[in-house]
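Results of the structural survey
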Amino acid sequence: MQDNSPRSFAERPVVAPATTQDALQAAPHLATAPPAGSDRRVVDAIREIVGPRGIVDGASARKVYECDGYTLEKSVPRLVVLPATTEETSRVVSVLAGAGIPFVPRGAGTGVSGGCLPLQSAVMIGTSRLRRIRSIDVEARTAEVEAGVVNLEVSRAVDAHGLYYAPDPSSQSACSIGGNVAENSGGPHTLKYGVTVNHVLALEVVLPDGRVIWLDREYDAPGYDLVGIFTGSEGTLGLVTAARVRLMRKPESVTTLLAVFPGVAQASRAVSAIIAAGIIPAALEMMDALVIEAVEAAYHFGFPAGAGAVLLIELDGIAAGLDALAARVHDCCTREGASEVKRAAGEEERALLWKSRKRAFGAMGRLAPAYCTQDGVVPRSRLPEIVAKIAEVASRYHLRIANLMHAGDGNIHPLVLYDEDVPGEVERVLAAGNEILTACIELGGSITGEHGIGIEKMALMPKSFTAPTLAAMEDIRTAFNPRGLCNPGKILPSSRTCVEVRRPRPRGGG
Ligand SMILES: Cc1cc2nc3c(=O)[nH]c(=O)nc-3n(C[C@H](O)[C@H](O)[C@H](O)COP(=O)(O)OP(=O)(O)OC[C@H]3O[C@@H](n4cnc5c(N)ncnc54)[C@H](O)[C@@H]3O)c2cc1C
């Protein structure tokens, strides 16, 4: 698709009203705006904006939206609205703001921290119909895409031009660009290419009162970096309707190695050794024995039996230097105890290796009825310590914990296996996760690398930040979302949110 819309965001007309009063004037049928609680009139007003295809109000249909990938908490939205344009989104938000009804943005629902859980009886605004790739500028290497576009679709759309969109969450065949922006998502290639915020140039946002604004950070735009503030704000400052993203040129050459280790301790040391040797792989991923077992059982990729851990190491760049680099990585791994280091023979084998990594989450169902994905970060050099801590926690809580890691970033994903039918197991899962994340903080890391705070980790925020820092974050939220209507009860454990969130529930899925 060629660029057919060369205008910048800033040149576009503002389509949305500025205040609730303006909203009602702009939508005369709402002049007698329904008071909060008179749902029928609100539903009718919204139906008029989005049409029958844009509304989900049946009880069983709404139940589909009761949670995201974090299934320990559930709450059915009072209504699901699926606007098809920015203007519709803006008008819907104006109606809800006018009626004082909270709302929560939702992309594909692949989040794993309960970010789009509708609290306070919120209306859910889904972006699944905001699916246009508005323009592609091959020369400038940018694309302007609507929030509901699936991550992988962006790369597919520009593939013929030798370009791709770099942030590649393992969920990239399902998750949306709007969700990626809200979570500041990363992926296996974050080590070399950065996270979403490094690839977003501009955003189109519907503010919680319905106004549409365009935020542009290209060419060192002056003023505050509002794109930076919105990226990672988990839908608490407004609803992203479109983004202009940076596209990357595909590397000239890529090679992928698989190194097999007796255990995670040796594999962790190899990670540090590779980086210490001055090599920055495009990706450096670790899977432990339990993950390998699940992946093998599900897909028969042919990982060596009895492997304690494997590293998936991808190198990219100019073809000329790649063989030498691969040889140095090979050395680092064997020095740290790798029993085997294999280089993918061709594109097919390389794709197979990545398939094993990207499908690892799905394969976990082979090992247990449910699992809870944790997400924490430690300084890379402290990976061996956190790995030992996870093993100790698993044994003390009588749980099985599999480890999947964006190891090059120190980003760990302990997958805590459980069976909700075993009395007390959910509580042990939550307590174990809490201990692991607290250990991440103590080791100088963080309680999330990429999955966000949502509702899952709010209670840990005061352990991570001082009261004045949390207050500054609250001030930012209040500046954009003064009435707290947009995605209430998330990220910050304010007095207002604490009373709203029920956790943990005694039982749940994972
Ligand atoms: C199997 C699996 C693997 C995963 N791997 C990774 C990984 O490698 N890296 C990674 O970073 N994450 C990963 N995730 C987590 C998840 O896929 C990402 O957080 C993703 O960005 C969420 O996108 P989504 O469209 O599903 O958003 P949702 O789950 O729908 O929403 C997530 C949050 O974003 C908000 N939101 C959604 N759309 C908008 C919008 N348009 N405007 C404002 N706010 C919005 C929601 O309110 C919510 O708070 C994985 C998840 C799964 C299930």
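In this report, we go over the structure that sits alongside the text. Given the structure is predicted, the values throughout are model-derived calculations rather than measurements.

**Structural notes on the pattern of salt bridges**
Enumeration according to the criterion identifies 28 salt bridges in this entry. We note a salt bridge from R244 to D216, for which the minimum N-O separation is 3.7 Å. One end of the pair, R244, is in strand β10 (residues 239–246); the other, D216, is in strand β9 (residues 212–216), and 28 residues separate them in sequence. Between R357 and E285 there is a salt bridge whose closest N-O contact spans 2.7 Å.

**Here we look at the sheet that holds strand β6 (residues 142–146)**
In space, the five strands of this open sheet follow the order β5-β6-β10-β8-β9, with antiparallel pairing throughout. At either margin of the open sheet sits one strand with a lone partner, and together these are β5 (133–137) and β9. Across the sheet, the axes of successive neighbouring strands diverge by a mean angle of 10 degrees, strand direction being ignored. Relative to β10, β6 runs antiparallel, the two being bridged by five bridges. By the bridge assignment for β10, E144 is matched with R244. Helix α4 (residues 86–99) rests against β5, β8 (200–206), β9 and β10 of the sheet, and its axis sits at about 45 degrees to β8. In the packing of helix α5 (residues 151–158) onto the sheet, contacts are made with β5, β6 and β10, and the angle to β5 comes to roughly 45 degrees.

**Points about the packing of helix α9 (residues 264–276) against helix α14 (residues 383–396)**
What describes two packed helices is the angle between their axes and the distance between those same axes. Contact geometry of α9 with α14 gives a least axis separation of 9 Å together with a crossing angle of 160 degrees. The angle between the axes of α9 and α14 places the two elements in the roughly antiparallel class. Helix-helix and strand crossings are classified by hand; for α9 and α14 the assignment is right-handed. Contacts between α9 and α14 involve V264, S268, R269 and V271 from the first element and L383, P384 and V387 from the second. Taken together, the residues of the contact of α9 with α14 break down into five nonpolar, one polar and one charged.

**What about α5?**
All of the buried residues along α5 are N151, L152, V154, S155 and V158. Down the axis of α5, the buried set is contained in an arc of 155 degrees. They therefore lie on one face. Against the buried residues of α5 lie β5, β6, β7 (163–164), α6 (177–183) and β10.

**Let's talk about the nonpolar core**
Counting 55 residues, the largest nonpolar core has L311, I313, C333 and I386 as its most contacted members. Ignoring anything within four residues of it in the chain, the contact list for C333 reads A259, F261, A270, I274, I313, A338 and V341. Membership of the second largest hydrophobic core comes to 28 residues, among which are V260, A294, A368 and L404.

Rules used in this analysis
Residues numbered from 1 in each chain as written. Predicted model: local features only at pLDDT ≥ 70, side-chain atom pairs only at ≥ 80, totals over all residues. Heavy atoms only, no water. Salt bridge = Lys/Arg side-chain N within 4 Å of Asp/Glu carboxyl O. Helix = DSSP H or I, 4+ residues; strand = E, 2+ residues; numbered from the N terminus. Pairing = 2+ DSSP bridges. Axes fitted to C-alpha atoms, helices over the stretch in contact; angles between N-to-C directions. Contact = heavy atoms within 4.5 Å. Parallel < 35°, antiparallel > 145°, perpendicular 65-115°, else oblique. Left-handed = near helix turned anticlockwise from the far one by under 90°. Nonpolar A, V, L, I, M, F, W, Y, C, P; charged D, E, K, R; others polar. Buried < 20%, exposed > 50% of the residue type's maximum accessible area, 1.4 Å probe, protein only. Arc of directions from axis to C-beta. Core = buried A, V, L, I, M, F, W, Y, C linked by side-chain atoms within 4.5 Å.

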